[in-house]
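Analysis of the macromolecular model
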Amino acid sequence: MSSAHPSNSSNPLEITITRPDDWHVHLRDGEALSRVIAHTAFQFGRAIVMPNLKPPVTTTEQALAYKDRILAALRESHHPDQNKISNFQPLMTLYLTDTTAPAELERAKAAGIVAVKLYPFGATTNSDSGVTDIRKTYPALEALQRLGMPLLIHAEVTDPSVDLFDREAVFIDRHLKAIRKDLPELKIVVEHITTLEAAQYVQSGDKFLAATITAHHLLYNRNAIFTGGIRPHYYCLPVLKREAHRLALVKAATGASSKFFLGTDSAPHAAHLKEHASGCAGCYTAFSAMELYAEAFDHAGAIDRLEAFASFNGADFYGLPRNTGHITLRRESCQMPESLAFGSAKLVPLRAGEALEWRFVS
Ligand code: NCD
Ligand code: ZN
């Protein structure tokens, strides 16, 4: 777990940075969508919206209909700052299956769909339609390469004989290296990296390879899941790893490489489904995402690197313009709520009931 923050008078108390984007978020649908959308839209200019709905978003038509529901939920969210949040742009993705047709990807590209997500079958929440054998998707991956559309990868093997904590590193060796060799100009984002191996692999790659990093993987190691009893709100996939991996992620995020950028992987689940005998994977961080990232960067003495990570690197990789607006964060303690409204259920955000070291000012 990250150490207590020593007060450091050489760090600024307030920072203003270009409005950031979230390059990996789960907004869900229906009632859940209406409860979470304003949290993301309040902090970020744009977000890459994950397609793992039930059923998954596998066609252009479904993605465009989902985008309309997101924008409708945003309009109806009655946020006190409705003007500001109405500028939020959801960037849509398709869910890759064994049978995704190249023609579907051409339609998607023409309709402004931004990227395609690869979930290995059974790897995580709503991955039952995921890919069973990556070779089956080669016609689709070749189309993505041709179209210049990024492939976003949940990079974990699902082989039950592989230790849960090793599944990301094994995916790189067994699959990612082969995909990169066979399709060298396919743009790939390794999503929510959690290990030293992934950080090093991405760092040493060329301009076609990048990675997102969550706030929780920068702030916590796997002890957080087991401190004083089992703590389901720290359980996500890929699971938190050892301290050495957390340190490697902090180094990657705060370093000079532009290949690492912000992706919260904020993944809301009703509290009772996480506090359960077989609890759901996913941490809800959208409510205080930039406060958590600011804390992680500040602890590393690198708050000046936050803007590149949060606001520049992702847009540059995706070939999109950087945002023009700004946000301001202040180093000032504030309290996280114990829970948030989530329809008839409750949503427990990461850090619920505890202090945050940074505050989102505007
Ligand atoms: C995500 C979810 O709940 O949709 N859960 C998670 O633990 N990150 C799925 C995912 O991104 O793996
Ligand atoms: Zn995710």
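Residues numbered from 1 in each chain as written. Chains lettered and ligands numbered in written order. Predicted model: local features only at pLDDT ≥ 70, side-chain atom pairs only at ≥ 80, totals over all residues. Heavy atoms only, no water.

1. Some details on the coordination of the zinc ion (ligand 2)
- Here the zinc ion (ligand 2) is held by the protein donor atoms His24 (NE2), His26 (NE2) and Asp265 (OD), which lie 2.0 to 2.1 Å from it.
- One can describe the donor arrangement at the zinc ion (ligand 2) as irregular, given that its four donor atoms subtend angles of 92 to 144 degrees at the metal.
- Positions of the donor residues of the zinc ion (ligand 2) along the chain correspond to the pattern H-x1-H-x238-D.
- We classify histidine 26 as buried; its relative accessible area is 7%. (Donors = N, O, S within 2.8 Å, 3.2 Å for Na, K, Ca; no water. Tetrahedral: all angles 85-135°; square planar, octahedral: opposite > 155°, others 65-115°. Buried < 20%, exposed > 50% of the residue type's maximum accessible area, 1.4 Å probe, protein only.)

2. Observations concerning the environment of threonine 328
- Turning to its location among the elements, threonine 328 is positioned in strand S10 (residues 326–335).
- Apart from the residues lying within four places of it in its own chain, the contact partners of threonine 328 are Glu14, Ile15, Thr16, Arg359, Phe360, Val361 and Ser362.
- Looking at threonine 328, its side chain comes within polar contact range of the side chain of threonine 16, at 2.8 Å. (Helix = DSSP H or I, 4+ residues; strand = E, 2+ residues; numbered from the N terminus. Contact = heavy atoms within 4.5 Å. Polar contact = N/O pair within 3.5 Å; in protein donor to acceptor, adjacent residues only side chain to side chain.)

3. What about the sheet that holds strand S5 (residues 115–118)?
- The sheet built from eight strands is open, its strands ordered S2-S3-S4-S5-S6-S7-S8-S9 with parallel pairing. One side of each edge strand has no neighbouring strand; the edge strands of this open sheet are strand S2 (22–25) and strand S9 (260–262). Taking the axes of each pair of neighbouring strands and ignoring which way they run, one obtains an average angle of 30 degrees across the sheet.
- By the bridge criterion, three bridges tie strand S8 (residues 209–213) to S9 in an arrangement that is parallel. Its bridge partner lying in S9, isoleucine 213 is registered against leucine 262.
- Of the strands in this sheet, strand S3 (46–49) and strand S4 (89–95) are in contact with helix H2 (residues 60–75), which crosses S4 at around 150 degrees. (Pairing = 2+ DSSP bridges. Axes fitted to C-alpha atoms, helices over the stretch in contact; angles between N-to-C directions.)

4. Structural notes on the packing of aromatic side chains
- Tallied over the entire structure, the rule returns ten aromatic pairs.
- Between tyrosine 220 and tyrosine 234, the aromatic rings sit 5.0 Å apart at their centres with planes inclined by 70 degrees, giving edge-to-face as the arrangement. Of the two residues, tyrosine 220 sits in the loop between helix H8 (215–219) and helix H9 (243–254) while tyrosine 234 sits in the loop between H8 and H9, which places them 14 residues apart along the sequence. As far as burial versus exposure is concerned, tyrosine 220 and tyrosine 234 are alike and both buried.
- Centroid distance phenylalanine 261 to tyrosine 318: 6.3 Å. Interplanar angle 65 degrees. Geometry classified as edge-to-face. (Phe/Tyr/Trp six-rings, centres within 6.5 Å; stacked < 30°, edge-to-face > 60°.)

5. Topic: the layout of surface pockets
- By volume, the largest pocket amounts to about 430 Å³.
- If you trace the largest pocket, you find 19 residues lining it, with Arg28, Asn52, Leu53, Lys54 and Asn126 closest to the centre.
- Looking at the lining of the largest pocket residue by residue, the classes come out as ten nonpolar, five polar and four charged.
- Estimated volume of the second largest pocket: approximately 290 Å³.
- Along the walls of the second largest pocket sit 17 residues, with Thr132, Asp133, Ile134, Phe171 and His175 positioned nearest its centre.
- The element that contributes the greatest number of residues to the lining of the second largest pocket is helix H6 (residues 167–182), accounting for five residues.
- Split into classes, the residues belonging to the lining of the second largest pocket amount to nine nonpolar, three polar and five charged. (1 Å grid on protein atoms, 1.4 Å probe; cavity = no way out; pocket = protein on both sides within 12 Å on 5 of 7 lines; lining within 4 Å. Points joined across faces, edges and corners; volume = space filled by probe spheres on them. Nonpolar A, V, L, I, M, F, W, Y, C, P; charged D, E, K, R; others polar.)

6. Focus: the confidence of the model for the protein
- Looking at the protein, pLDDT values average 95 and 97% of them are 70 or higher.
- Averaged over each element, pLDDT in the protein is lowest for helix H3 (residues 82–85) (86) and highest for S8 (99).
- Low confidence marks residues 1–9, where pLDDT is under 50. Its contacts with residues over four positions away, or in another chain, come to 15 contacts. (pLDDT = per-residue confidence, 0-100.)

7. Looking at the site of ligand 1
- In the region of ligand 1, 15 residues are neighbours, and Arg28, Thr124, Leu237, Asp265 and His269 sit closest.
- Aspartate 265 is positioned such that a nitrogen or oxygen atom in its side chain is 2.7 Å from a nitrogen atom of ligand 1.
- A distance of 3.2 Å separates an oxygen atom of ligand 1 from a polar backbone atom of glycine 282.
- Compared with its free state, where it exposes 310 Å², ligand 1 has 100% of that area covered by protein.
- Because more than half of its atoms lie within 2 Å of the grid, ligand 1 is assigned to the largest cavity.
- Per-class residue counts for the shell around ligand 1 are four nonpolar, nine polar and two charged. (Near = heavy atom within 4 Å. Areas by Shrake-Rupley, 256 points an atom, 1.4 Å probe, with all protein chains shown as cover. Sits in = over half its atoms within 2 Å of the grid points.)

8. Quick look at the nonpolar core
- Membership of the largest hydrophobic core comes to 103 residues, with the highest contact counts inside it found for Leu141, Met290 and Leu306.
- Look past the residues within four positions of leucine 306 in its chain and what remains in contact with it is Ile15, Ile17, Met290, Tyr293, Ala294, Phe297, Ser311 and Leu329. (Core = buried A, V, L, I, M, F, W, Y, C linked by side-chain atoms within 4.5 Å.)

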